[in-house]
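Each chain is listed here by its residues.
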Amino acid sequence: MQKILRRVATAERVTAKRQKAQNLKVYKADKKETSERAQKHVAAALKEVQDAKQAIRDDWAMGPLAPRTDVGSFHDAYGAIGQVRYSSPGGFSLAMRNARCRWAGGAYYLNLAVGDRVVLLDGPDKGRIGPVTDIDHDTAEVTVKDLNKSNLRIAEQLRVAKDTPTAVNFELPLPISAVRLVHPITDPSTGATRDVIINQLVHSGLVTDRVTGKRRWQRVVPGLNISIPWPAKEEPEVKDYKVDTLRIDVEEKTFVPTLLRPPMPESVIDELRNKFSRYRTRHEPEYIARLEAEEQARKDRAKLMESMRTPLQEFHRAERANKKKKGKPRLTLEMLEKIGEVIARSRERTLHGAPDASPPRTSSLDVPPPTMSDTDTSPPPPPA
């Protein structure tokens, strides 16, 4: 069983490693695509600006002889922008989105919703008020109804019908930093109610639903402590049909599980999950019993191999048993007396500096070399 658990753990580690590498590969591909789209977006904008400047120069220098610019893809769409400039290229980091949404509480706690009335601070429609129709949280941009419109040039391959116009008038998205919330507030001193531009909003009373995980909070004007209500959401109109199931039939409990029988046949579980998957950790009792029996047989075989010993192994085994039977050796009184005498002599020599009883060691440099006379008068060695 432990072998199966190790195999499952190894498979999970390998899968996690492979999934991490795959996620990194997808992240790099998305990052590359976002970068290329941003470069294409900037290049298209620069090209249109350069073409417009060149057209102005040609018109000024040549007059009626200047080349026409309302031909080709710009036929009946002179002055319209391309589809690549319709929206931002994307790839905004959290810091960039927070910078755009700073006045509205940040990108994480955005105090702006569809249906809010906002005023434009930039563009040709500066100062006009309109409702928000769409919010793009990835780019921190909003679309305001009937404001910040521009002519959008449609590519030729996207014109399905013959009467499809070359360009259409469309609302372009705006960064959230270019708008401000407009809400009617009553003046406590005069009692008059009028629209006020709110330049700062913060969140308060954050509540997280444990079941759904959704968060809700109130948006408050700092300093005034005025709570701005959220816009009312339009409930979608649901049309009933004859084939629809009634709610009372859906909520009726037709199955009550008991402890006497399983909620479903065991064969259904094998159909829902792979019976032979290497990630499986729960097995049938018969399979576990068979594995345990195989493990016990392997251990019994190891014991059988251990019982088959040579005479030398038997001798060593008996020696170890006798040594273990004797136990640890103990010091006798005579041994302790001898050890005490040796310690006392060594201590006496150390305290009084007594010379060692062994003869002094002489160096080979102190011995005089043999003379020639000594060599000549030495007796010959005895005959063998």
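Residues numbered from 1 in each chain as written. Predicted model: local features only at pLDDT ≥ 70, side-chain atom pairs only at ≥ 80, totals over all residues. Heavy atoms only, no water.

Caption draft 1: How the structure looks around unusual backbone geometry. Its identity as a non-glycine residue notwithstanding, Ala140 has a phi of 55 degrees, on the positive side. For Ala140, a relative accessible area of 2% translates into the label buried. We note that Asn225 has phi near 55 degrees; this positive angle belongs to a residue other than glycine. Relative to the assigned elements, Asn225 resides in the loop between strand 10 (215-221) and strand 11 (226-228). (Buried < 20%, exposed > 50% of the residue type's maximum accessible area, 1.4 Å probe, protein only. Helix = DSSP H or I, 4+ residues; strand = E, 2+ residues; numbered from the N terminus.)

Caption draft 2: Structural detail: the side chain of His41. Checked against the element boundaries, His41 lands in helix 1 (residues 2-62). For His41, a relative accessible area of 17% gives the class buried. Look past the residues within four positions of His41 in its chain and what remains in contact with it is Val84, Arg85, Ser87 and Pro89. (Contact = heavy atoms within 4.5 Å.)

Caption draft 3: Region of the structure containing the pairing of strand 3 (residues 141-144). On strand 3, burial covers both faces: Glu141 and Thr143 on one face and Val142 and Val144 on the other are all buried. Two elements, strand 2 (residues 129-136) and strand 3, share 4 bridges in a ladder whose sense is antiparallel. Across the sheet, residue Asp134 finds its bridge partner in strand 3, namely Thr143. What sits between the antiparallel neighbours strand 2 and strand 3 is a turn of 4 residues, in which Ala140 has the positive phi angle 55 degrees. (Pairing = 2+ DSSP bridges.)

Caption draft 4: Summary view of the sheet that holds strand 3. Read across the sheet, 6 strands follow the order 6-3-2-1-7-8 without closing on themselves; strand pairing throughout is antiparallel. Both edges of this open sheet fall to strand 6 (174-175) and strand 8 (193-198), since each of them pairs with a single strand only.

Caption draft 5: Expanded view of the confidence of the model for the protein. Residues with a pLDDT of 70 or more make up 92% of the protein, whose mean pLDDT is 85. Considering each helix and strand of the protein separately, the mean pLDDT is smallest for helix 8 (residues 372-377), with a value of 45, and largest for strand 1 (residues 117-120), with 96. Across residues 362-367 the pLDDT falls below 50, and counting only partners more than four positions away or on other chains, this stretch makes 0 contacts in the model. Low pLDDT (under 50) marks residues 371-379, which in the prediction has 0 contacts with non-local residues, meaning those over four places away or in another chain. (pLDDT = per-residue confidence, 0-100.)

Caption draft 6: Representation of the sheet that holds strand 11. Reading across the sheet, the 3 strands line up as 9-10-11 and stay open at both edges, with antiparallel pairing between neighbours. Either end of the sheet is taken by a strand with one partner, and the two such strands are strand 9 (202-208) and strand 11. If you compare each strand with its neighbour and ignore which way they point, the axes differ by 35 degrees on average. With 5 bridges joining them, strand 9 and strand 10 adopt antiparallel strand pairing. Counterpart to Ser204 in the pairing with strand 10 is Gln218. (Axes fitted to C-alpha atoms, helices over the stretch in contact; angles between N-to-C directions.)

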